Amino acid sequence: MRKLLLCPPDYYGIEYEINPWMSRARGADTPLVQAQWRGLHEKLLSLGCDVHLVPPKPKLPDMVFTANAGLTVGKKFIPSNFRHKERAAEAPLFADWMEKDGYEIVWLPEDQFFEGEGDALFVGDTLFCGYKFRTDVSAHRAVADILQCLVISVELVDPRFYHIDTCFCPLTDGGAVWFPAAFDEYGQRTIRDHVPNLIDVVEEEAAHFSCNAVVLDQEIVLPEGAPILMKSLGERGYRCHPLPMSEFLKAGGACKCLTMFLPQRESASSF
Amino acid sequence: MRTSGNWAVEILPDKRVGAGPAPRFNWRGSVPWLGSPMPSETIELRGHIIDSLILPKVLDQIIARGGTFKIGEIKIGENRTDQSFARIEVTAPSADALDELILRLRQHGAEVMEKRSIQLAASPADGVYPQGFYVTTNQQTFVQLEDREIEVEPALMDSAIVVDRAAKKATATKFYSVKKGMEVVVGHHGIRVVPLQRSTARADVFEFMASNVSIEKPKTAVIREMAREFKRARDEKGKILVVAGPAIVHTGAAEHFEKLIKWGFVNLLFAGNALAAHDIENALFGTSLGVYLEEGSLADEGTQNHMRAINAVRGAGGIRQAVASGLLKSGIMYTCVQNGVDFVLAGSIRDDGPLPDVITDAVEAQKAMRAKIGGVTIAMMMGTMLHSIAVGNLLPATVKTLCVDINPGVVTKLTDRGSFQAVGLVTDIEPFLRELTDCMEANR
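The paragraphs below set out a description of the structure included in this document. (Residues numbered from 1 in each chain as written. Chains lettered and ligands numbered in written order. Predicted model: local features only at pLDDT ≥ 70, side-chain atom pairs only at ≥ 80, totals over all residues.)

## Describing the overall build of chain B
Counting secondary structure elements, chain B contains 14 helices and 20 strands. A burial count over chain B gives 46% of its 444 residues as buried. Taking the intrachain contacts of chain B between residues at least 6 apart in sequence as the baseline, contacts between residues at least 24 apart amount to 68%. (Helix = DSSP H or I, 4+ residues; strand = E, 2+ residues; numbered from the N terminus. Buried ≥ 20, exposed ≤ 12 C-beta atoms within 10 Å, placed from the backbone. Contact = placed C-beta atoms within 7 Å.)

This is how it looks when you write it as structure tokens:
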């Protein structure tokens, strides 16, 4: 049973603009927010997940995106160092919760920006990390030191896809779903070199955050609006669960951003 | 008498001096003492930079933005979880370009190394360097003195660097000029040597002469290109130095050389006693080593002629005086005096005479030559091994150096002794100079 961490969207809203999706002129519809989040929560429960909730805090609207809180491997939790001051106050709240839940908290140096699982996803025992918009490549090095694993750093070049989890989604079979144009040519080459069985997502579906999916063995929970991708995944034997995510897309997030794995991986090594 | 020359273009090895990319001779390279230094920074990259293609990306970006790099150290992780490391010296065309480049490289994790200052030690006695002194090369060199980088002047090989902290000056200094208590650079910290830039322009005469196929090139094309380079140097107010041996006179090439002097292609002449003695012998008696240059026949008691020539000049008080008094009316030395071409004659043990102008103290001769080589852009060395090597040792690597000799070993020796930038032409001097002057006459 996968253990997950979510945060109820009680204080969620578009209160600042820190990515191209956000516009304070285009606020979130609160009842719809609640309904969409509940839809995700219930879906994950129905798929047999052990879902934990971190209490939301006023004035931290993006706390709902728990994937950005940090990276959990085994019993270690590496909290994020958010690039934007608007989100910085989230980090100690998540660290407190994780510590109470029995995790060892390993902070990165303050000057290295890192946005957790949003920019760090395992494919097998290799950790793929995005950099430039939110996370510094120097933080990748520090994470590699802490976890003693191979960290592949890839540069993100499209500001709409500012975290790696918005354009890259590892699958259970060792492959991945991705939107290649979100990476620079070196990043694309690196991913092609290291990840077999890639499924390319077309731009229109990538723009619906189709890559921002929660993969639970053969079950994939993803935002609706990706018929081509769902067909490809179906042919690979995955069962897709599309959910409406329009209100979270307004902040540049969807299913995966709203979910953190506890842990993402049991161990960084292959043993 | 004209010698039918056996022409060949000597192939020189592409020598490496120190670490980094092999310096290539660039005929159109920067002018010594006038060229502006290329700013540089040292960066370090760490992490899984090979698997992530960060290292190739960084190197590509340096090149794409007009910079160059030199990998000082690289360690590649053995196991998949091991991180790799690279220390890279990045050079850009200007300080602004370097700042912008470094800013971009930082995004990919490059950390800029703090520049280490040089270490200094006092000279223990006059003429003695302190232990562990840094030995200079003939390449452009900079030292980091606290927070600023200063150029070592001149670019002189086989010297130590004396630093005047108050004046913020660093000077390549020979043994005989160092005084007790002077501060000298020791160790290797804070020293940056700038290799000759690799030319990205069309391969010119010196580019292809250094290539493996140069033997196949037509000699006429080579000389034509050289003539153009001399013309360019003269027109751009560069200084042309000629180092010449007496073979110029023996082979009957003096008349061509005199034309080069008259046309303004020679600004400075370094030679020994013999060139001047045989040139003056020829001017006064029509012989060189007793042989009539017009006919190739031996003069009666001709072997005494050079002694009589030397005596005449000694009687006049020197070469300039001999010209002024009307004693000397032709020849290379006469043409030099008449055209205001400065010369230094350096003596050796076997010299007859010598002529009063010859400096017989080797250290004084070296000082006199060093005092005059500032601003030299082209050095042409013809028919003299020892003078070529001696002068080669005084020249910065940026001086375009051409060595013409019938003996291929001369060029090899010159390059083996540090003047790696020299390119060679193996031929008799007379046909070489004849063809060179023909080319120059055509477009002077």
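## What about unusual backbone geometry?
Residue P263(A) is bonded to the preceding L262(A) through a cis peptide linkage, with omega at -5 degrees. Counting through the fold element by element, P263(A) comes out in the segment after β15 (260–261). The peptide bond linking E153(B) to P154(B) adopts the cis configuration, its omega dihedral lying at -10 degrees. Considering the arrangement of structural elements, one finds P154(B) in the loop between β7 (148–153) and β8 (160–164). Phi is positive for D217(A), close to 55 degrees, though the residue is something other than glycine.

## Things to note about the interface of chain A and chain B
Contact residues are listed per partner, giving 16 residues for chain A and 14 residues for chain B. Counting only elements with at least two residues in the side of chain A that touches chain B, the list comes to α4 (137–147), β8 (150–155) and α5 (185–194) of chain A. Taken together, the residues that form the side of chain A that touches chain B break down as 8 nonpolar, 5 polar and 3 charged. (Nonpolar A, V, L, I, M, F, W, Y, C, P; charged D, E, K, R; others polar.)

## Let's talk about the sheet that holds strand β1 (residues 3–6) of chain A
Backbone-to-backbone hydrogen bonds pair the strands of a sheet. The strands run either parallel or antiparallel. All names here are of chain A. Here we have 3 strands laid out as an open sheet, ordered β2-β1-β15, and mixed in their pairing. Edge strands, defined here as strands with exactly one partner in the open sheet, are β2 (50–53) and β15. Sheet topology places β1 next to β2; 4 bridges connect them, and they run parallel. Bridge pairing in β2 places L4 opposite V51. (Pairing = 2+ DSSP bridges.)

## As for the sheet that holds strand β4 (residues 111–112) of chain B
All names here are of chain B. The antiparallel open sheet is built from 4 strands, whose spatial order is β2-β3-β1-β4. Strands at the two margins of the open sheet, each flanked by one partner only, are β2 (68–75) and β4. The sheet contact formed by strand β1 (residues 40–47) and strand β3 (residues 84–91) spans 8 bridges and is antiparallel. Its bridge partner lying in β3, S40 is registered against T91. Helix α2 (residues 95–107) rests against β1, β3 and β4 of the sheet, and its axis sits at about 5 degrees to β1. (Axes fitted to C-alpha atoms, helices over the stretch in contact; angles between N-to-C directions.)

## Concerning the packing of helix α7 (residues 273–285) of chain B against helix α8 (residues 305–316) of chain B
All names here are of chain B. Here α7 crosses α8 at 95 degrees, and the two axes come no closer than 8 Å. Looking at the two axes, α7 sits roughly perpendicular to α8. Contact residues: α7 offers A277, H278, I280, E281, L284 and F285, while α8 offers N305, H306, A309, I310, A312 and V313. When the residues that make up the contact of α7 with α8 are grouped by side-chain class, the tally is 8 nonpolar, 3 polar and 1 charged. (Parallel < 35°, antiparallel > 145°, perpendicular 65-115°, else oblique.)

## Observations regarding the nonpolar core
Within the largest apolar cluster, 99 residues are counted, with the highest numbers of intra-cluster contacts made by I161(B), I248(B), L269(B) and A379(B). Broken down by element, the residue count for this core peaks at 7 residues, all from α7(B). In this structure, this core is formed jointly by two domains, domain 2 (119–194) and domain 3 (205–442) of chain B, each of which donates at least three residues. In contact with A379(B), not counting residues within four places along its chain, are L241(B), V243(B), V391(B), L395(B), V399(B) and T401(B). Membership of the second largest hydrophobic core comes to 88 residues, among which are C7(A), I152(A), I220(A) and A226(A). (Core = buried A, V, L, I, M, F, W, Y, C linked by C-beta atoms within 7 Å. Domains from an automatic or database assignment.)

## Focus on the pairing of β8(A)
Residue and element names in this part refer to chain A. Taking burial as the measure, the 6 residues of β8 include 6 buried ones, the bulk of the element. Because side chains alternate across β8, one face comprises the buried residues L150, I152 and V154, and the other comprises V151, S153 and E155, equally buried. Pairing analysis gives 6 bridges linking strand β7 (residues 126–131) to β8, with the strands arranged parallel. Of the residues in β8, the one forming a bridge with F128 is I152.

## So, α4(A)
Residues spaced three or four apart along an α-helix point in a common direction, a consequence of the helix completing one turn every 3.6 residues. Counting buried positions over the 11 residues of α4(A) gives 8, a clear majority of the element. Inspection of α4(A) places V137(A), S138(A), A139(A), H140(A), R141(A), V143(A), A144(A) and L147(A) among the buried residues, and these make up the whole buried set. Where α4(A) is buried, its residues meet β3 (70–73), β4 (76–79), β6 (120–123), β7 and β8 of chain A together with β1 of chain B. Phi turns positive, to about 55 degrees, at Q148(A), one or two residues after α4(A).

Taken by themselves, the reported measurements are silent on function.
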